[in-house]
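A closer look at the structure
Okay, here's what each chain looks like letter by letter:
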Amino acid sequence: MGSTSTSPFDVNRSCAEQLDANDPLASMRDQFHIPQREGGTPSVYLCGNSLGLQPKAVGPQMERLLSDWAKLGVEGHFEADPDWFSYHECFREMGARLVGGLPGEVVMMNSLTVNLHLMMVSFFRPTKKRYKILIEDRAFPSDGYATSTQLIHHGLDPKAALLIARPPSGQSTIPLATIEEILENEGERIALVLLSGVQYLTGQLFDIERITQLAQAKGCTVGWDLAHTAGNVPLELHRWNVDFAAWCNYKYLNSGPGAVGGCFVHERHGHNLDLPRFAGWWGNDPETRFQMDEVADFIPRAGADGWQISNPSIFSMAPLLSSLRIFDEVGMEALRRKSELLTGYLEFLLKELGDGVVSIVSPDQPSERGCQLSLLVNDDPKMRLAALGQAGITCDFRPPNVIRAAPVPLYNTFQDVWEFAMALSHRIS
Ligand SMILES: *Cc1c(COP(=O)(O)O)cnc(C)c1O
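Residues numbered from 1 in each chain as written. Predicted model: local features only at pLDDT ≥ 70, side-chain atom pairs only at ≥ 80, totals over all residues. Heavy atoms only, no water.

Notes on the nonpolar core
As a reminder of what qualifies: Residues grouped as a nonpolar core are buried Ala, Val, Leu, Ile, Met, Phe, Trp, Tyr and Cys residues, joined through side-chain atoms within 4.5 Å. Relative accessibility thresholds used throughout: buried, under 20% of the residue-type maximum; exposed, over 50%; partly exposed, between the two (1.4 Å probe, protein chains only). Helix and strand assignments come from DSSP, with helices taken as H or I runs of at least 4 residues and strands as E runs of at least 2, each series counted from the N terminus. Reported domain spans reflect what an automatic or database domain assignment gives. Every residue pair with non-hydrogen atoms within 4.5 Å of one another is taken to be in contact.
Core analysis: the biggest nonpolar cluster contains 67 residues, and Trp 224 and Trp 247 have the highest contact counts within it. If one sorts the elements of this core by residue count, helix 11 (residues 314-330) sits on top with 9 residues. The residues that make up this core include at least three from each of domain 1 (13-42 + 332-428) and domain 2 (62-329). In this structure Trp 224 touches Leu 194, Leu 195, Ser 196, Gly 197, Phe 206, Ile 208, Ile 211, Thr 212, Val 242, Phe 244, Ala 245 and Ala 246, once residues within four positions along its chain are discounted. By size, the runner-up hydrophobic cluster in this structure holds 29 residues, among which are Phe 9, Leu 346, Ile 393 and Leu 424.

A few points about the sheet that holds strand 7 (residues 244-247)
Heads up, the rule is: Whether two strands pair comes down to DSSP finding at least two bridges between them. Lines fitted to C-alpha atoms define the axes here, with helix axes fitted over just the stretch in contact, and angles between the N-to-C directions of these axes take values from 0 to 180 degrees.
Taking strand neighbours across the sheet as the criterion, the 7 strands line up as 2-8-7-6-5-3-4 in an open arrangement whose pairing is mixed. At either end of the open sheet lies a strand with only one pairing partner, and these are strand 2 (106-109) and strand 4 (162-165). Strand-to-strand twist in this sheet, taken as the mean axis angle between neighbours without regard to direction, amounts to 20 degrees. With 3 bridges connecting them, strand 3 (residues 132-136) and strand 5 (residues 190-196) associate as parallel partners. Paired with Leu 134 across the bridge in strand 5 is Val 193.

Some points on helix 13 (residues 381-390)
Note the following rule: This arc is taken over the directions from the axis of the helix to the C-beta atoms.
Residues Pro 381, Met 383, Arg 384, Ala 387 and Leu 388 constitute the buried set of helix 13. Down the axis of helix 13, the buried set is contained in an arc of 165 degrees. They therefore lie on one face. Pointing more than 90 degrees away from the buried face of helix 13 are the exposed residues Lys 382 and Gln 390. Those residues of helix 13 that are buried lie in contact with strand 10 (373-377), strand 11 (393-394), strand 12 (396-398), strand 13 (402-405) and helix 14 (414-425). Of the residues flanking the end of helix 13, it is Gly 392, one or two places downstream, whose phi is positive at about 75 degrees.

A look at the domain arrangement of the protein chain
Counted only if it meets this: By definition, the buried area sums, over both parts, the 1.4 Å-probe accessible area that each loses when the two are put together. Identification of polar contacts relies on pairs of N or O atoms within 3.5 Å, with a donor-acceptor requirement for protein atoms, meaning one able to donate a hydrogen and the other able to accept it, and with residues adjacent in sequence counted only if both atoms are side-chain atoms. Classes in brief: Ala, Val, Leu, Ile, Met, Phe, Trp, Tyr, Cys and Pro nonpolar; Asp, Glu, Lys and Arg charged; the others, Gly included, polar.
If you check the domain split of the protein chain, you get domain 1 (13-42 + 332-428) and domain 2 (62-329). At the junction of the two partners, domain 1 supplies 24 residues and domain 2 supplies 19 residues. Counting the surface domain 1 buries against domain 2, the share from its top three residues, Met 332, Val 361 and Gln 372, is 28%. The tally of links from domain 1 across to domain 2 stands at 7 residue pairs in polar contact (both at pLDDT 80 or more). Breaking the side of domain 1 that touches domain 2 down by element, the ones donating at least two residues are helix 12 (332-353) and strand 13. Element by element, the count of residues in the side of domain 1 that touches domain 2 is highest for helix 12, at 4 residues. Split by residue class, the side of domain 1 that touches domain 2 holds 12 nonpolar, 6 polar and 6 charged.

Notes on unusual backbone geometry
With omega at -5 degrees, the peptide bond leading from Asp 81 into Pro 82 counts as cis. Relative to the helices and strands, Pro 82 resides in the loop between helix 3 (76-79) and helix 4 (91-99). Here Pro 399 and Pro 400 are connected by a cis peptide whose omega angle stands at 5 degrees. On the secondary structure map, Pro 400 appears in the loop between strand 12 and strand 13. In this structure, Asn 110 is a non-glycine residue whose phi angle is positive, near 50 degrees. By secondary structure assignment, the location of Asn 110 is in the loop between strand 2 and helix 5 (112-123). Unlike most non-glycine residues, Asn 241 shows phi in positive territory, near 65 degrees.

Describing the pattern of salt bridges
Let me state the cut-off plainly: Whenever a carboxyl oxygen of Asp or Glu lies within 4 Å of a side-chain nitrogen of Lys or Arg, that contact is scored as a salt bridge.
Applying the stated criterion to the full structure yields 20 salt bridges. Here Glu 419 makes a salt bridge to Arg 37, at a shortest N to O gap of 2.9 Å. One end of the pair, Glu 419, is in helix 14; the other, Arg 37, is in the loop between helix 1 (13-21) and strand 1 (44-45), and 382 residues separate them in sequence. Take Glu 419: its relative accessible area is 22%, and that puts it in the partly exposed class. You can call Arg 37 partly exposed: its relative accessible area is 22%. For Arg 166, the salt bridge goes to Asp 137, with nearest N and O atoms at 3.1 Å. Placement of the pair is Arg 166 in the loop between strand 4 and helix 8 (176-186) and Asp 137 in the loop between strand 3 and helix 6 (141-153), with a sequence separation of 29 residues. Residue class for Asp 137 comes out buried when judged on its relative accessible area of 19%.

Quick word on the pairing of strand 6 (residues 221-225)
Taken residue by residue, a regular strand's side chains alternate between the two faces of the sheet. For clarity, the threshold we go by: Look down the strands so they point away from you; if the path from the first strand over the helix to the second goes clockwise, the crossover is right-handed.
Most of strand 6 sits inside the fold, with 5 of its 5 residues counted as buried. In terms of strand pairing, strand 5 meets strand 6 through 5 bridges, oriented parallel. Looking at the pairing, Leu 192 lines up with Thr 221 of strand 6. In this fold, the crossover linking strand 5 to strand 6 by way of helix 9 (residues 208-217) has right-handed handedness.

What to know about the packing of aromatic side chains
Using the following cut-off: The pairing test for Phe, Tyr and Trp rings, Trp by its six-membered ring, is centres within 6.5 Å, and the orientation test on the planes gives stacked under 30 degrees, edge-to-face over 60, and tilted for anything in between.
Counted under the stated rule, the structure contains 13 aromatic pairs. Relative to Phe 91, the ring of Tyr 87 lies with its centre 6.5 Å away and its plane at 50 degrees, an arrangement referred to as tilted. Residue classification places Tyr 87 among the buried positions, given a relative accessible area of 2%. A relative accessible area of 1% places Phe 91 in the buried class.

Dropping the structure here:
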């Protein structure tokens, strides 16, 4: 039974059924292919933090693209619908709404780590006095490789120049005060702060606005890796004055394995055509892009578009188009409302199970986390995983003992969450 009288939840399945019946977004699930268990019933998929599910609209969108290519050949660059020449512009407004940017501050291109490198080419400009990069403890490996090789590229030693914000001893997440202290002590030597919006391992959501403000006040440039953040929580990158951000579109954004990534460049940089960058024809002013008979000066397009290099993979952009239309229709505010309830319900059930099974690593304030809860398995992770597997539940395991469960508001149900919690508490030998 519910532990407090004020909780809107109880542990019976009927509570989950009632929450589903009251869910204004319940019908969104029908727009997705849900992987099935043996026997043909839908599985419980809590792995949207790793690879989002396929919107049903993707199939027809891809078929149309194949058919356009078959019928039109090269003419598809202008005659396909949407035409391939300006395909990336389909995301101008939608992409901006997704992350709270202005149209022109967002572009879909390349993939996440590539975009981080391209952003660092422009925004990590170390000097003798200011040359460090600040990342968080246990950052996603790719972010560690990207920042340390950027340092090496500039002749710097990552051991001295890569600063790592760590949780205080005995804690698993990083308080704002820790970051403030680092900025206080090291701010004048930090060229770039590059943190994750939502930390992939702990599920902690950093205060992006406040950290950006504090770091910029110390003269640092501030970029955000939003791999676990975009499509998960509402963002206001323009208003928060973030310098740049990059994310992948295959996790919460459901655009398929290895989907094209997203990139945000604040307007004030987007219009600074003197910034150093690695250029290619797609970032050039389209009016002169095709002047191939001479080596012309590179004239960057204004805004984030000016960081594009190659002509984009349309096959990678088509699923993104289908998927972002869904986010655009529902809106991040409505998604977040359901998400807080769904994750709150998961938290309630897990606490009811008691500490013997799992402890929650993610912050317990909804404002400090996205939809994912990271769970430390207190007894036998192999046994717990086997129980989940037997119940047809997909979630993710980070050795030695962390289970990450991400109920996503677009396609997960309260009954999914209930089934997960029940299977997790079930002992098998
Ligand atoms: C998923 C993820 C990546 C993956 O990078 P790709 O370049 O898309 O392969 C990088 N960083 C973080 C924080 C991630 O969560």
